[in-house]
Amino acid sequence: NAGVIQTPRHKVTGKGQEATLWCEPISGHSAVFWYRQTIVQGLEFLTYFRNQAPIDDSGMPKERFSAQMPNQSHSTLKIQSTQPQDSAVYLCASSLGTNQDTQYFGPGTRLLVL
Amino acid sequence: GDSVTQTEGPVTLSEGTSLTVNCSYETKQYPTLFWYVQYPGEGPQLLFKVPKANEKGSNRGFEATYNKEATSFHLQKASVQESDSAVYYCALRNTGYQNFYFGKGTSLTVIP
């Protein structure tokens, strides 16, 4: 079991550019979560999918951020017109989606917006 | 709303001393409580979880008791080691829901 895979591990973009982050959940897991991690805010929930359907995006900034899960083997988080304040580690996690369940995290993508 | 509050760091301890990281939670529902640990360059990984009130969870010498009356889930270890240096997160997940509520994390550095 390879665990949750996130690519790229590091990404540097210029202000105003687009950034797309990829996540491959653990095989067989039906729930996928995205978090943003900063020193100041800690772990912030962004959004989650279950069986590829968006369930809760209450943590997503209303502008410039979007997430998709086109198939059960990957999800993407896209940030348009990146700003320096978007610099953070973006973490993806997956779980079986059952009631008594644990989230398993990937290593994260460190995004730096210059 | 639901929330988790934990000891603010950073915490620095000498090897062999005891650790307590306080965690308090707020929810009107019936949560499972978790402790996660995150090492540099990695994502958080589960340390242990406790789904039932008044039960204790433990792993690698760490332990915490789910105290429903006090709404607390404090992490303890009797004797820390340098390899315990990491960030520790307390979290809750309500029964029937998938999303987690995390505390802000407590950074622990253990010096030899």
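Details of the structure are given in the entry above.
K.L.:
Which residues make up the nonpolar core, and what are the values?
P.N.:
All names here are of chain B. Ranked by size, the top nonpolar core spans 26 residues in total, and within it W35, L47, F48, F73, L75 and Y88 carry the most contacts. Sorting the residues of this core by element identifies β2 (11-14), β3 (19-21), β4 (23-26), β5 (31-38), β6 (45-50), β8 (62-65), β10 (86-94) and β12 (106-111) as the ones contributing at least two each. Top element by residues in this core is β10. It accounts for four residues. F48 has contacts with L33, F34, W35, G57, S58, N59, F62, E63, A64, F73 and L75, leaving out every residue within four places of it along the chain.

K.L.:
Report on the state of the cysteines, specifying residues and quantitative values.
P.N.:
In the structure shown here, the tally under the stated rule is two disulfides over all chains. Between C23 of chain A and C92 of chain A runs a disulfide, and the two sulfur atoms are separated by 1.9 Å. When the S-S torsion is -60 degrees, as for the bridge of C23 of chain A with C92 of chain A, the disulfide is left-handed. Taken together, the positions of C23 of chain A in strand β3 (residues 19-24) and C92 of chain A in strand β9 (residues 88-95) put the pair 69 residues apart, joining distant regions of the chain. Here the two residues C23 of chain A and C92 of chain A agree in accessibility, since each one is buried. Each disulfide pairs two cysteine sulfurs, and for C23 of chain B the partner residue is C90 of chain B, the sulfurs being separated by 1.9 Å. Around the S-S axis, the bridge from C23 of chain B to C90 of chain B shows a dihedral of about -65 degrees and counts as left-handed. Within this pair, whereas C23 of chain B is found in strand β4, its partner C90 of chain B is found in strand β10, the two being separated by 67 residues in sequence.

K.L.:
Please provide a residue-by-residue account of the pairing of β6 of chain B, values included.
P.N.:
Residue and element names in this part refer to chain B. Alignment of β5 against β6, held across five bridges, turns out to be antiparallel. Opposite V37, over in β6, you have Q45 as the bridge partner. Between the end of β5 and the start of β6, which pair antiparallel, lie six residues, with G41 showing a positive phi angle near 80 degrees.

K.L.:
So what's going on with the packing of aromatic side chains? Residues and values would help.
P.N.:
Centre distance and the angle of the planes are the two values used to describe a pair of aromatic rings. Throughout the structure, instances matching the rule amount to 17 aromatic pairs over all chains. Ring centres of F105 of chain A and Y36 of chain B lie 5.7 Å apart, and the angle between their planes is 85 degrees; this geometry places the pair in the edge-to-face category. One end of the pair, F105 of chain A, is in strand β10 (residues 104-105); the other, Y36 of chain B, is in strand β5, on a second chain. Across the pair, exposure class does not vary: F105 of chain A and Y36 of chain B are buried alike. Consider the rings of F100 of chain B and F102 of chain B, whose centres lie 5.7 Å apart with planes at 25 degrees: the pair is stacked. Each member of the pair F100 of chain B and F102 of chain B is classed as buried.

K.L.:
I'd like to hear about the pattern of salt bridges, residue by residue, with values.
P.N.:
Two side chains carrying opposite charge are able to pair once their charged atoms lie near each other. In total, this model carries four salt bridges over all chains according to the counting rule given. With its nearest N and O atoms 3.3 Å apart, the salt bridge here joins R36 of chain A to E44 of chain A.

K.L.:
Could you give me a rundown of the interface of chain B and chain A, with the residues and numbers involved?
P.N.:
If you look at the interface, chain B gives 20 residues, while chain A gives 25 residues. The junction of chain B with chain A conceals about 1,700 Å² of combined surface from both sides, 45% of it contributed by carbon and sulfur atoms. Looking at the side of chain B facing chain A, the largest losses of area belong to Q98, F102 and K104 of chain B, adding up to 33% of the total buried there. Linking chain B with chain A are zero salt bridges.

Calculation notes
Residues numbered from 1 in each chain as written. Chains lettered and ligands numbered in written order. Predicted model: local features only at pLDDT ≥ 70, side-chain atom pairs only at ≥ 80, totals over all residues. Heavy atoms only, no water. Core = buried A, V, L, I, M, F, W, Y, C linked by side-chain atoms within 4.5 Å. Buried < 20%, exposed > 50% of the residue type's maximum accessible area, 1.4 Å probe, protein only. Helix = DSSP H or I, 4+ residues; strand = E, 2+ residues; numbered from the N terminus. Contact = heavy atoms within 4.5 Å. Disulfide = S-S within 2.5 Å. Pairing = 2+ DSSP bridges. Phe/Tyr/Trp six-rings, centres within 6.5 Å; stacked < 30°, edge-to-face > 60°. Salt bridge = Lys/Arg side-chain N within 4 Å of Asp/Glu carboxyl O. Buried area = accessible area lost by both parts, 1.4 Å probe.

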